[in-house]
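Each chain, letter by letter, is given below.
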Amino acid sequence: MHSGSTIEISQSALKKNIQLLRNTLSPGSTLCSVIKGNAYGHGIEQFVPMAEREKVRHFAVANDNEAYRAFEAMSDRSHLMVMGDMDASSIAWAVENKVSFWVFSLQRLKTAVDLGRTIGEPALVHLELETGLNRTGLEEAELPAALELILDNPEAVKVLGICTHFAGAESLANYVRIEHQMKDFKRISTGLLEQLPGPVQLHTACSAAVLNWPHTHMDLARIGIAQYGFWPSEETRIQYMLRTAPTQDDFMKVKDPLRRILRWKTQIMDIKKVTAGQFISYGMHYLAKRNHRIATIPVGYYHGFPRKLSNYGHVLIRGKKAPVVGMVNMNITIIDLTDIPHAAVGDEVVIIGRQGKAEITVTSFSEQTSLLNYEVLVRLPADIPRIKVR
Ligand SMILES: *Cc1c(COP(=O)(O)O)cnc(C)c1O
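Read on for a plain summary of the structure. (Residues numbered from 1 in each chain as written. Predicted model: local features only at pLDDT ≥ 70, side-chain atom pairs only at ≥ 80, totals over all residues. Heavy atoms only, no water.)

**What about the overall build of the protein?**
Here comes step 1: If you tally the helices and strands in the protein, you get 13 helices and 18 strands.
Here comes step 2: In terms of its C-alpha atoms, the protein occupies a principal-axis envelope of roughly 80 × 50 × 35 Å.
Here comes step 3: Burial analysis of the protein (390 residues in total) assigns 54% to the buried set.
Here comes step 4: Pairs at least 24 residues apart make up 66% of the contacts formed inside the protein by residues separated by at least 6 positions.
Here comes step 5: Charge-centre separation for the protein: the mean point of 44 positive side chains lies 11 Å from the mean point of 40 negative side chains. (Helix = DSSP H or I, 4+ residues; strand = E, 2+ residues; numbered from the N terminus. Buried < 20%, exposed > 50% of the residue type's maximum accessible area, 1.4 Å probe, protein only. Contact = heavy atoms within 4.5 Å. Lys, Arg positive; Asp, Glu negative; His and termini not counted. Charge placed at Lys NZ, Arg CZ, Asp CG, Glu CD.)

**Focus: unusual backbone geometry**
Here comes step 1: The peptide bond linking Gly-198 to Pro-199 adopts the cis configuration, its omega dihedral lying at -10°.
Here comes step 2: Among the structural elements, Pro-199 can be located in the loop between helix H8 (175-195) and strand S8 (201-203).
Here comes step 3: In this structure, Ala-39 is a non-glycine residue whose phi angle is positive, near 55°.
Here comes step 4: With respect to the element layout, Ala-39 can be found in helix H2 (residues 36-40).
Here comes step 5: In this structure, Arg-318 takes a positive phi of about 50° despite not being glycine.
Here comes step 6: For Arg-318, the position within the fold is in the loop between strand S13 (314-317) and strand S14 (320-323).

**Points about the site of the ligand**
Here comes step 1: Close to the ligand lie 13 residues; Lys-36, Tyr-40, Ser-207, Ile-225 and Tyr-374 are nearest.
Here comes step 2: Within the contact set of the ligand, a nitrogen atom lies 2.9 Å away from a side-chain nitrogen or oxygen of Arg-222.
Here comes step 3: At 2.9 Å, a backbone N or O of Gly-224 approaches an oxygen atom of the ligand.
Here comes step 4: For the ligand, the accessible surface in isolation is 390 Å², of which the surrounding protein chains cover 92%.
Here comes step 5: Its residues assigned to classes, the shell around the ligand comprises eight nonpolar, three polar and two charged. (Near = heavy atom within 4 Å. Polar contact = N/O pair within 3.5 Å; in protein donor to acceptor, adjacent residues only side chain to side chain. Areas by Shrake-Rupley, 256 points an atom, 1.4 Å probe, with all protein chains shown as cover. Nonpolar A, V, L, I, M, F, W, Y, C, P; charged D, E, K, R; others polar.)

**Some thoughts on the pairing of strand S6 (residues 123-128)**
Here comes step 1: Extensive coverage of S6 is indicated by the burial of six of its six residues.
Here comes step 2: Side-chain alternation along S6 places Ala-123, Val-125 and Leu-127 on one buried face and Leu-124, His-126 and Glu-128 on a second face that is also buried.
Here comes step 3: Considered for its hand, the β-α-β crossover made up of strand S5 (residues 100-103), helix H6 (residues 106-119) and S6 is right-handed.
Here comes step 4: For S6 and strand S7 (residues 157-163), the ladder comprises six bridges, and the chain directions are parallel. (Right-handed = clockwise from strand over helix to strand, strands pointing away. Pairing = 2+ DSSP bridges.)

**Some words on the packing of aromatic side chains**
Here comes step 1: The final tally for this structure, using the stated rule, is seven aromatic pairs.
Here comes step 2: Note on Phe-47 and Tyr-228: the rings are 4.9 Å apart at their centroids and 50° apart in plane angle, and the pair reads as tilted. One end of the pair, Phe-47, is in helix H3 (residues 44-53); the other, Tyr-228, is in the loop between strand S9 (220-223) and helix H10 (234-244), with 181 residues separating them in the sequence. Assigned by exposure class, Phe-47 and Tyr-228 land together as buried. (Phe/Tyr/Trp six-rings, centres within 6.5 Å; stacked < 30°, edge-to-face > 60°.)

**Digging into the sheet that holds strand S11 (residues 270-274)**
Here comes step 1: Judged by pairing direction, the sheet is antiparallel, and its three strands sit side by side in the order S11-S12-S15 without closing on themselves. Bordering the open sheet on either side are S11 and strand S15 (333-336), each of which pairs with just one other strand. Taken over all neighbouring pairs, the strand axes of this sheet differ in orientation by 35° on average, direction set aside.
Here comes step 2: Relative to strand S12 (residues 292-297), S11 runs antiparallel, the two being bridged by five bridges. By the bridge assignment for S12, Lys-273 is matched with Arg-293. (Axes fitted to C-alpha atoms, helices over the stretch in contact; angles between N-to-C directions.)

**Some remarks on the side chain of Thr-236**
Here comes step 1: Relative to the helices and strands, Thr-236 resides in helix H10.
Here comes step 2: Owing to a relative accessible area of 1%, Thr-236 belongs among the buried residues under this scheme.
Here comes step 3: Residues contacting Thr-236, with those up to four places away along its chain left out, are Glu-170, Ala-208, Leu-211, Asn-212 and Trp-231.

**Some points on a nonpolar patch on the surface**
Here comes step 1: Taken together, the side chains of Leu-172, Tyr-175 and Val-176 define a hydrophobic patch exposed on the protein surface, amounting to about 270 Å² of accessible area.
Here comes step 2: Assignment of secondary structure puts Val-176 in helix H8.
Here comes step 3: Assessed through its relative accessible area of 55%, Val-176 is described here as exposed. (Patch = residues over 30% accessible without salt bridge, like charges linked within 9 Å, V, L, I, M, F, W, Y side chains within 5 Å. Salt bridge = Lys/Arg side-chain N within 4 Å of Asp/Glu carboxyl O.)

**Brief notes about the state of the cysteines**
Here comes step 1: Applying the stated criterion across every chain yields a total of zero disulfides.
Here comes step 2: With no disulfide of its own, Cys-163 lies closest to Cys-32 among cysteine sulfurs, the gap being 10 Å.
Here comes step 3: Cysteine Cys-206 is unpaired, with the sulfur of Cys-32 as its nearest cysteine sulfur at 12 Å.
Here comes step 4: Residue class for Cys-206 comes out buried when judged on its relative accessible area of 17%. (Disulfide = S-S within 2.5 Å.)

Structure (structure tokens):
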């Protein structure tokens with residue numbers, strides 16, 4: 001099957017990232033691989049077996065649709081946790097399949113208990129505590145009622161975890177707010193642990209917290225973006241480098257320990273000449289001031305290549321950076337080949353990743369477009385084939 005472009009996912013880069021993260025985690029803390037947003041654009045079906053090869057056995061998704069896909073992709077030795085939206089039928093499915101899920105309201109806890117009783121298997125839940133993100137989470141005032149429901153129905157519900165989510169661990173500006181969250185979480189969870197039958201896992205950390213705040217690691221660390229080789233923010237990267245480099249001098253020399261596991265590539269679809277004085281592509285956004293040789297690639301904004309990169313972005317051809325000329329179209333982008341005279345139809349074009357010594361980073365995308373790394377990644381359409389490479 002011909003496809004306009006392909007996303008390669010590297011097993012060896014993933015191995016390096018998982019090793020780094022395991023070495024960073026405090027003893028006793030288990031790595032939970034967050035694969036929401038189609039595994040941050042990498043493809044749930046392709047990513048899950050690759051992570052399992054690195055002995056990852058705990059996965060987290062955001063909703064029921066992702067849960068069904070992850071469950072199919074997973075071996076029966078792995079555990080799946082759903083952190084967000086589910087309806088009653090998917091909660092029933094979760095109970096039947098021992099998939100755990102977050103409870104952030106009394107109503108959801110009641111649904112879980114009812115379904116656990118009907119099915120004859122305990123619902124496996126994580127109590128999400130409101131500690132200051134003010135998004136979802138059980139309020140402190142709701143906890144006595146929640147505890148009563150749990151302790152009265154041990155055959156219908158089992159608490160596997162107590163958790164919360166930080167309000168922006170990727171920025172030091174949020175430090176005070178997050179320390180307040182930690183303090184509240186510790187106080188409230190300690191109270192709950194005294195009453196709940198064990199074992200119960202405590203979990204709060206996302207990638208940024210794992211990388212820079214060891215005191216947040218606890219029993220389970222929910223790692224998303226870092227396992228794919230991306231820093232949650234530039235600030236997280238600098239903070240990590242400063243924290244781990246022995247001296248300031250070393251800091252300047254430290255190589256980025258994370259490896260991007262994704263490489264997005266296509267090929268030159270056509271080549272033609274444009275003479276000086278003509279406009280290239282729609283409208284009058286690029287006037288050829290000299291004779292040009294241009295290439296078209298079968299990738300446009302439909303495929304997640306941002307329109308903001310019109311007249312601005314680059315791709316790699318024959319190991320060299322080649323500029324985007326004119327507007328990015330829905331399914332086509334035009335590249336200037338004037339300085340790469342030997343390029344030919346069918347040549348590999350790298351949109352994100354390395355080619356020879358050159359690299360186009362997702363970060364360079366996001367800087368140019370004011371999109372977050374996270375946002376660029378999850379916009380990669382699900383129908384681009386993902387293939388595993390070494
Ligand atoms: C997305 C998410 C994570 C992972 O965040 P990263 O910054 O990608 O590591 C952890 N916990 C929750 C609740 C999330 O929604």
